[in-house]
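The primary structure of each chain is shown beneath.
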Amino acid sequence: MSKVIIFCAPSGSGKSTIIGSLMPREELNLFFSVSATTRPPRGQERDGVEYLFMTPEQFREHIAAGDFIEYEEVYADRFYGTLKAQVEKQLAAGQNVVFDVDVHGGMRLKEFFGDRALSLFIQPPGIDALRKRLEGRGTDSPEVIQQRLDRAAYELSFAPRFDQVVINDDLETAKAEAYKTVCDFLNP
């Protein structure tokens, strides 16, 4: 039976890098769940690959139709969500589906999938380290970085509710811990 692995973390915690280290591991049979969002694409992001990009109006139409397992309005008109049809199709194809979502979405997905899901929280070593990582990206304005840091402090309070917390103070160690945790979950 296919399973789901839910990753949550404050922005800049290394979550995407850790997920990226797991995805090519053929023995894990992982496939990324492409979330829907109303934020504009960054860099080389492509619609249908990294995200399904929608307008706020399109997103609200999907909400009204009950098409999402979970969704969140993270900031005004800045929605993220997981479409049911896509996940059902992947699970039916025998894929283990990886989610990269915010803490509220992660808790809803865990509730929805129950024991079929592993929830992992990737935690930065501290807020100062997180600030340096976000500034080092060079992709966000100082105002956006401050918004992300404010949100991070809130999100960190949810870490104890996840099945496993991986502290990313050393990236290689965090990758290895995430790999072992996922392997143990998929192959009990």
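Just so it is clear, the structure is predicted and the values come from calculations on it, not from any experiment.

Enquirer: Explain the sheet that holds strand S9 (residues 164–167) to me, please; I cannot follow it from the model alone.
Expert: Think of a sheet as strands paired side by side through backbone hydrogen bonds, with each pair either parallel or antiparallel. Read across the sheet, 5 strands follow the order S2-S7-S1-S8-S9 without closing on themselves; strand pairing throughout is parallel. Looking along the sheet, the strands with just one partner apiece sit at the ends: strand S2 (30–32) and S9. This sheet shows a mean twist of 25° between the axes of neighbouring strands, independent of strand direction. The sheet contact formed by S2 and strand S7 (residues 96–100) spans 3 bridges and is parallel. The residue of S7 that forms the bridge with Phe32 is Val98.

Enquirer: Just to check I follow, could you spell out the sheet that holds strand S3 (residues 36–37) for this structure?
Expert: Taken in spatial order, the 4 strands of this open sheet run S4-S3-S6-S5, and their pairing is mixed. The sheet is open, and its two edges are formed by strand S4 (52–53) and strand S5 (68–75), each paired on a single side. Of the pairings in the sheet, the one linking S3 to S4 comprises 2 bridges and is parallel in character. Directly across from Ala36, in S4, lies its bridge partner Leu52. Taken strand by strand, helix H3 (residues 84–92) contacts S4, S5 and strand S6 (78–83), and its axis lies near 35° from that of S6.

Enquirer: Is there a simple way to explain the layout of surface pockets in this structure?
Expert: Over the atoms, a rolling probe the size of a water molecule traces out where space has been left empty. Its boundaries defined by the atoms lining it, the largest pocket holds a volume of some 870 Å³. In terms of lining residues, the largest pocket is bounded by 35 residues, among which Lys15, Ser16, Arg42, Tyr51 and Asp100 are the most central. Contributing elements (two or more residues each) for the lining of the largest pocket: helix H1 (15–22), S5, S6 and helix H6 (142–156). Residue contributions to the lining of the largest pocket peak at 5 residues, all from H1. Of the residues that constitute the lining of the largest pocket, the class distribution is 11 nonpolar, 11 polar and 13 charged. Volume-wise, the second largest pocket comes out at about 160 Å³. In terms of lining residues, the second largest pocket is bounded by Arg39, Pro40, Pro41, Arg42, Tyr75, Arg78, Asp140, Val144, Gln147 and Arg148. Of all the elements, H6 adds the most residues to the lining of the second largest pocket, at 3 residues. Taken together, the residues of the lining of the second largest pocket break down into 4 nonpolar, 1 polar and 5 charged.

Conventions used here
Residues numbered from 1 in each chain as written. Predicted model: local features only at pLDDT ≥ 70, side-chain atom pairs only at ≥ 80, totals over all residues. Heavy atoms only, no water. Pairing = 2+ DSSP bridges. Helix = DSSP H or I, 4+ residues; strand = E, 2+ residues; numbered from the N terminus. Axes fitted to C-alpha atoms, helices over the stretch in contact; angles between N-to-C directions. Contact = heavy atoms within 4.5 Å. 1 Å grid on protein atoms, 1.4 Å probe; cavity = no way out; pocket = protein on both sides within 12 Å on 5 of 7 lines; lining within 4 Å. Points joined across faces, edges and corners; volume = space filled by probe spheres on them. Nonpolar A, V, L, I, M, F, W, Y, C, P; charged D, E, K, R; others polar.

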